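For reference, the chains in residue letters:
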Amino acid sequence: MLRPGSFPKTNSHHQGPVHLSYQSISPLRHRYLQRNYLGNRSEDESPLDAYHSDVQEWARIKKERMHQHCYSLLEAVASPRMLAIAIDNIGRRRIIRDEYASLPNWYPWDWLREIKNQLLDGSFRRGKYTKYKIPKPGKKGSRTIEVPPDETRIVARNLSNLLTPILDPDFYDFSMGFRPKRSPAHCVMTAKSMIERGMHHMVACDIRDAFGTVPKNRMLQILRSRLHQSPVMGLIEELLDRNRKRGIPQGLSFSPICLNVYLDHLLDRWWCKNFPDTMLVRYADDLAVFCDTQETANQCFDALRNRIVKIGMQINESSHEAINDLACGDRVNWTGFNLRSVNGELRVRVNESSWCKLEANLLEQKHKHEKDESLTGFEVASIGMSWMTQKALGVSKAEVPVVAERVRVLADQCGMNMSEFTDEAAQAAWKTGRRVAERAQVDVSHWLPAV
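Residues numbered from 1 in each chain as written. Predicted model: local features only at pLDDT ≥ 70, side-chain atom pairs only at ≥ 80, totals over all residues. Heavy atoms only, no water.

Looking at an unreviewed UniProt entry, the chain carries the name Group II intron-encoded protein LtrA, with the source organism given as Rosistilla ulvae. Per its UniProt entry, the chain bears the Sequence similarities (unreviewed entry) comment "Belongs to the bacterial reverse transcriptase family." (UniProt positions renumbered as here; feature names shortened; annotations may be inferred.)

Enquirer: For this particular structure, what's the right way to read the overall build of the chain?
Expert: When helices and strands are counted, the chain shows 19 helices and nine strands. What you see for the chain is a C-alpha radius of gyration of 23 Å, in line with the 22 Å of a compact globule of 451 residues. Taking the principal axes of its C-alpha atoms as reference, the chain extends roughly 65 × 55 × 40 Å. The buried share of the chain, taken over its 451 residues, is 53%. A separation threshold of at least 6 residues defines the contact pool for the chain, and within that pool the share at least 24 residues apart is 71%. Split by element, the accessible area of the chain, about 21,400 Å² in all, is 48% carbon and sulfur. Placing the 64 positive and 54 negative side-chain charges of the chain at their respective mean positions leaves the two points 4 Å apart. (Helix = DSSP H or I, 4+ residues; strand = E, 2+ residues; numbered from the N terminus. Rg over C-alpha atoms; globule rule 2.2 N^0.38 Å. Buried < 20%, exposed > 50% of the residue type's maximum accessible area, 1.4 Å probe, protein only. Contact = heavy atoms within 4.5 Å. Areas by Shrake-Rupley, 256 points an atom, 1.4 Å probe, with all protein chains shown as cover. Lys, Arg positive; Asp, Glu negative; His and termini not counted. Charge placed at Lys NZ, Arg CZ, Asp CG, Glu CD.)

Enquirer: I would appreciate a short explanation of the pattern of salt bridges in the present structure.
Expert: Pairing of side chains with opposite charge becomes possible as their charged atoms draw close. For the coordinates displayed, the defined rule picks out 20 salt bridges. Its salt-bridge partner being Arg224, residue Glu237 comes within 2.8 Å of it at the nearest N-O pair. Of this pair, Glu237 sits in helix 12 (residues 233-239) while Arg224 is found in helix 11 (residues 216-226), placing the two residues 13 residues apart along the sequence. Of the charged contacts, one joins Arg282 and Asp268 as a salt bridge, the two residues approaching to 2.9 Å between their closest N and O atoms. Here Arg282 is found in strand 4 (residues 279-283), whereas its partner Asp268 is found in helix 13 (residues 255-274), with 14 residues between them in sequence. Members of the salt-bridge network, linked through shared partners, are Arg224, Glu237, Glu238 and Arg242. (Salt bridge = Lys/Arg side-chain N within 4 Å of Asp/Glu carboxyl O.)

Enquirer: When you look at the state of the cysteines in this model, what are you seeing that I'm missing?
Expert: Formally, a disulfide is one covalent bond, and it connects the sulfur atom of one cysteine to the sulfur atom of another. According to the stated counting rule, one finds zero disulfides in the structure shown. Not part of a disulfide, Cys205 finds its nearest cysteine sulfur in Cys300, a span of 11 Å. Cys70 supplies the cysteine sulfur nearest to Cys258, a cysteine that is in no disulfide, at a spacing of 14 Å. Residue classification places Cys258 among the buried positions, given a relative accessible area of 1%. (Disulfide = S-S within 2.5 Å.)

Enquirer: Got a minute to help me understand helix 14 (residues 294-310) in this structure?
Expert: What sets the pattern is the α-helix's 3.6 residues per turn: residues three or four places apart point alike. Spanning 17 residues, helix 14 covers 24 Å between terminal C-alpha atoms, matching the ideal 24 Å at 1.5 Å per step. Listed as buried for helix 14 are Thr296, Ala297, Cys300, Phe301, Ala303, Leu304, Arg307 and Ile308. Contacts from the buried residues of helix 14 go to strand 3 (201-206), helix 13, strand 5 (286-291), helix 15 (319-322) and strand 6 (323-325). Directly after helix 14, the chain includes Gly312, whose backbone phi takes a positive value near 90°. (Expected span 1.5 Å × (residues − 1).)

Enquirer: Honestly, the side chain of Glu317 in this entry has me stumped. Any pointers?
Expert: With respect to the helices and strands, the residue Glu317 is situated in the loop between helix 14 and helix 15. Put simply, Glu317 is tucked away with no salt bridge, and the nearest opposite charge, on Arg208, sits 7.7 Å away. At 3.0 Å, the side chain of Glu317 and the backbone nitrogen of Asp206 are in polar contact. Those residues in contact with Glu317 that lie beyond four places of it in its chain are Ala204, Cys205, Asp206, Phe301 and Ala322. (Polar contact = N/O pair within 3.5 Å; in protein donor to acceptor, adjacent residues only side chain to side chain.)

Enquirer: It is not clear to me how the pairing of strand 3 should be interpreted in this structure. Could you clarify?
Expert: Burial analysis of strand 3 places six of its six residues in the buried class, the great majority of the element. Looking at chain direction, strand 3 and strand 5 are connected through six bridges and run antiparallel. Counterpart to Val203 in the pairing with strand 5 is Val289. (Pairing = 2+ DSSP bridges.)

Enquirer: Would you mind showing me how to read the sheet that holds strand 4 here?
Expert: In sheet architecture, strand pairing relies on hydrogen bonds along the backbone and comes in two forms, parallel and antiparallel. Spatially, the four strands line up as an open sheet ordered 4-5-3-6, and their pairing is antiparallel. This sheet does not close on itself; its edge strands, each paired only once, are strand 4 and strand 6. The mean inter-strand angle of the sheet, taken between neighbouring strand axes irrespective of direction, is 20°. Along the sheet, helix 9 (residues 184-196) makes contact with strand 4 and strand 5, crossing strand 4 at roughly 160°. (Axes fitted to C-alpha atoms, helices over the stretch in contact; angles between N-to-C directions.)

Enquirer: Looking at this model, I keep getting lost on the packing of helix 2 (residues 47-57) against helix 5 (residues 80-90). Mind explaining?
Expert: Pairs of packed helices are described in terms of their axes, by the angle between the two and the distance that separates them. In contact at an axis separation of 9 Å, helix 2 and helix 5 are set at 110° when each is read in the N-to-C sense. Taken together, the axis directions place helix 2 and helix 5 in an arrangement best described as roughly perpendicular. Seen from helix 2, the contacting residues are Pro47, Leu48 and Tyr51; seen from helix 5, they are Arg81, Met82 and Ile85. Class assignment for the residues of the contact of helix 2 with helix 5 results in five nonpolar, no polar and one charged. (Parallel < 35°, antiparallel > 145°, perpendicular 65-115°, else oblique. Nonpolar A, V, L, I, M, F, W, Y, C, P; charged D, E, K, R; others polar.)

Enquirer: In this structure, what is going on with the sheet that holds strand 7 (residues 332-334)? I would like to understand it.
Expert: Across the sheet, which stays open at both edges, the three strands sit in the order 7-8-9 with antiparallel pairing between neighbours. Bordering the open sheet on either side are strand 7 and strand 9 (345-350), each of which pairs with just one other strand. Taking the axes of each pair of neighbouring strands and ignoring which way they run, one obtains an average angle of 30° across the sheet. The pairing of strand 8 (residues 337-342) with strand 9 spans six bridges and is classified as antiparallel. Note on strand 9: the bridge partner recorded for Leu339 is Val348. Helix 9 rests against strand 7, strand 8 and strand 9 of the sheet, and its axis sits at about 155° to strand 9.

Okay, structure coming up:
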């Protein structure tokens, strides 16, 4: 049996929201902020900043306030000014697609007001998705991606912006995926800390087709409870496809939040309550548990597999594939990196799956824009810079030019010109990624209990 209590739980996130860290604002300030993000006129503060302040400093202070806030959430989703911010988040050229895209203060207000009316009267429909077939990197055949209509993308992005400050603060600290100020670097830094604490037995696995298999009705029940039975749930059900019996679409901005809500409720909290002497780290559907002995690792894998099955999903790996002893030289591929321990020190390299995912992303972006205006050189280069930033932990400074050249060659093979992703740009992205890793190490040190 696992020893209870030898590895303390983290910051009490599993016992409900902690409101004491927030300072309540006055009712006058609340009304000002609410008028800013629900109204039509421009104030000094951006509507989204006003919304975040109102959630953090007003709604989260008391349960009845959050209930009132969630009741008016649909109005915020329908606000044309908030929808305009979602257009900027997605990319003006991807939505506007004409000479007005270059005008930063121009938005299709008549269209946005029409969307608002549909959202408020309940007539908004998700529309028909456009399907594209793109080659599978390194494999024969193709895979199908589905792109929602523009109005659905805008509404989903705005919904993601609005749900995040409500739901995210109550998630488990070591849930790292699709969350603000968290990244794969946080996963790696947690692994580093665990190895230094002698927890070098690592159970690494992932949930098979997590988005496609999540029990939708159960997930909606949990989300409805956390949103205080908000009227916005009708819109969420429409966006997630009312006719779909199981799974949630991956093409919507708020789908990762839905997955996190489901797994936070039924996996993360359950695990911390029942196995406090181990450390569960989750990056969306990628799971890792750090243990101090082989016996505990075996027990944890069985418990994890059984729990995932109980909540209606499945683990991809067998116990032989999932259980590793880093201290004995085992290598683990996890969150895009290859991890191994040398003399108690974690060594990190970019694994081949990261290159395959980069190729898949390049092909996906190419096919999405074939019928529209093609990507600019800067937009193509941004794909390379983002990848280098995310993978900086697995690349040494001396390797940056070689890695950058491989990225450019891969882009060329995908029919995209990434010449603007220069060695200098790659070095800048790498430095940014290393700074992100430094901040991640500080974050992890705060989240972990003292030894």
